[in-house]
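# Structure at a glance
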Amino acid sequence: MKKLLLIYSMLFFGFANAQSIKYGVTGNIHKTAIGGIHDRSRGIFAPSVGVFADFSLVTNDIYDSAWLYFTPQLEYAMQGENAEPRNMDKQKFHYSYIGLPLYIKYFMRNRGYKSDIYFMAGPRLEYLLSEDISGPPSLTIAQEGNMNKFGYGVSVGVGVKVQEKLDVFLRFDRGFSKIYPDYTKYATFNKALGIGINYYLGSTD
């Protein structure tokens, strides 16, 4: 976790000389699951909350005219799934992460005018804070004792500005690192599809 905070701090100060900086809070509800391990598993709906900053990467001579941003986020995210194996009670595999998505955010333009629609994509780092597992032992329990604390993947999304201080977005996260490194039959990774909002608190303009 300290590594994620250090990376976030370095990024923030490294972009402090950007043309403009906007900042705010973000939250989403996502359906999340773990790929490739638990029998008859179902994703769960879970929340995520955090903070973000938009660092403009193009000249911003007119207020809010920049169309390309670097947008790091720091978030607390609940993830995991439930499983219902045959002839067994339901199992719960719930995890809490600190996440660090690092987006490039591009606003569409029409004849030089900035649109309210944007696309974002970038890597996402995560650190496991806690785990909440219950129910009968899984068939692969011997291979689940060792969990990777750090993970990485990609996050992509599309959003629209609905008010001066409010965005609504759809977002998909897909991990590439293995959650359970001792499980070798399939790759095990986090994935999530969610809908959320960004609320801007202020800017340096």
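Right above here is the structure, for reference.
The notes below deal with the structure included here.

Parameters and conventions
Residues numbered from 1 in each chain as written. Predicted model: local features only at pLDDT ≥ 70, side-chain atom pairs only at ≥ 80, totals over all residues. Heavy atoms only, no water. Helix = DSSP H or I, 4+ residues; strand = E, 2+ residues; numbered from the N terminus. Buried < 20%, exposed > 50% of the residue type's maximum accessible area, 1.4 Å probe, protein only. Contact = heavy atoms within 4.5 Å. Pairing = 2+ DSSP bridges. Axes fitted to C-alpha atoms, helices over the stretch in contact; angles between N-to-C directions. Patch = residues over 30% accessible without salt bridge, like charges linked within 9 Å, V, L, I, M, F, W, Y side chains within 5 Å. Areas by Shrake-Rupley, 256 points an atom, 1.4 Å probe, with all protein chains shown as cover. Salt bridge = Lys/Arg side-chain N within 4 Å of Asp/Glu carboxyl O. Core = buried A, V, L, I, M, F, W, Y, C linked by side-chain atoms within 4.5 Å. Phe/Tyr/Trp six-rings, centres within 6.5 Å; stacked < 30°, edge-to-face > 60°.

### Considering the overall build of the protein
For the protein, the helix and strand inventory stands at 1 helix and 8 strands. Overall, the protein shows an N-to-C arrangement of helices and strands of α-β-β-β-β-β-β-β-β. When burial is assessed residue by residue, the protein has 44% of its 205 residues classed as buried. Long-range pairs, those at least 24 residues apart, make up 68% of the contacts in the protein between residues at least 6 apart in sequence.

### A closer look at the environment of Tyr-113
Tracing the backbone through its elements, the reader meets Tyr-113 in strand E5 (residues 113–134). On the accessibility criterion, Tyr-113 (64% relative accessible area) is exposed. Between the C-alpha atoms of Tyr-113 and Ser-65, which are 48 residues apart in sequence, the distance is 8.2 Å.

### Considerations on the sheet that holds strand E4 (residues 91–110)
The antiparallel closed barrel is built from 8 strands, whose spatial order is E1-E2-E3-E4-E5-E6-E7-E8. Mean inter-strand twist for the sheet, computed between neighbouring axes without regard to direction, equals 25°. Across 10 bridges, the pairing between strand E2 (residues 41–56) and strand E3 (residues 68–83) is antiparallel. Each residue of the ladder has a partner; that of Phe-52, found in E3, is Gln-73.

### A closer look at the pairing of E2
Relative to E2, strand E1 (residues 21–35) runs antiparallel, the two being bridged by 12 bridges. Residue pairing for E2: Thr-26 is matched across the bridge by Gly-50.

### Points about a nonpolar patch on the surface
On the surface, Tyr-106, Met-108, Ile-117, Phe-119, Val-158, Val-160, Val-162, Leu-170 and Ile-195 cluster together into a nonpolar patch covering about 710 Å² of accessible area. Contributing elements (two or more residues each) for the nonpolar patch: E4, E5 and strand E6 (150–163). In terms of residue count, E6 provides more of the nonpolar patch than any other element does, 3 residues in total. For Ile-195, the location among the structural elements is in strand E8 (residues 189–203).

### Things to note about the side chain of Arg-171
Structurally, Arg-171 can be placed in strand E7 (residues 166–175). Contact partners of Arg-171, with chain neighbours within four places excluded, come to Asn-28, Gln-73, Glu-75, Pro-101, Tyr-103, Arg-124, Ser-155, Val-156, Gly-157, Ala-192, Leu-193 and Gly-194.

### Observations regarding the nonpolar core
By size, the foremost hydrophobic cluster in this structure holds 11 residues: Ile-34, Ile-37, Ala-83, Phe-93, Tyr-95, Tyr-97, Leu-128, Met-147, Ile-179, Tyr-180 and Tyr-183. With 8 residues, the next largest nonpolar core counts Tyr-69, Tyr-103, Phe-107 and Tyr-118 among its residues.

### Topic: the packing of aromatic side chains
For the structure shown, the criterion picks out 6 aromatic pairs. Relative to Phe-107, the ring of Tyr-69 has its centre 5.9 Å away and its plane inclined at 70°; by these criteria the two rings are edge-to-face. Within this pair, whereas Tyr-69 is found in strand E3, its partner Phe-107 is found in strand E4, the two being separated by 38 residues in sequence. Residue Tyr-69 shares its accessibility class with Phe-107, and that shared class is buried. Following the ring pairs from residue to residue traces out a cluster consisting of Tyr-69, Phe-107 and Tyr-118.

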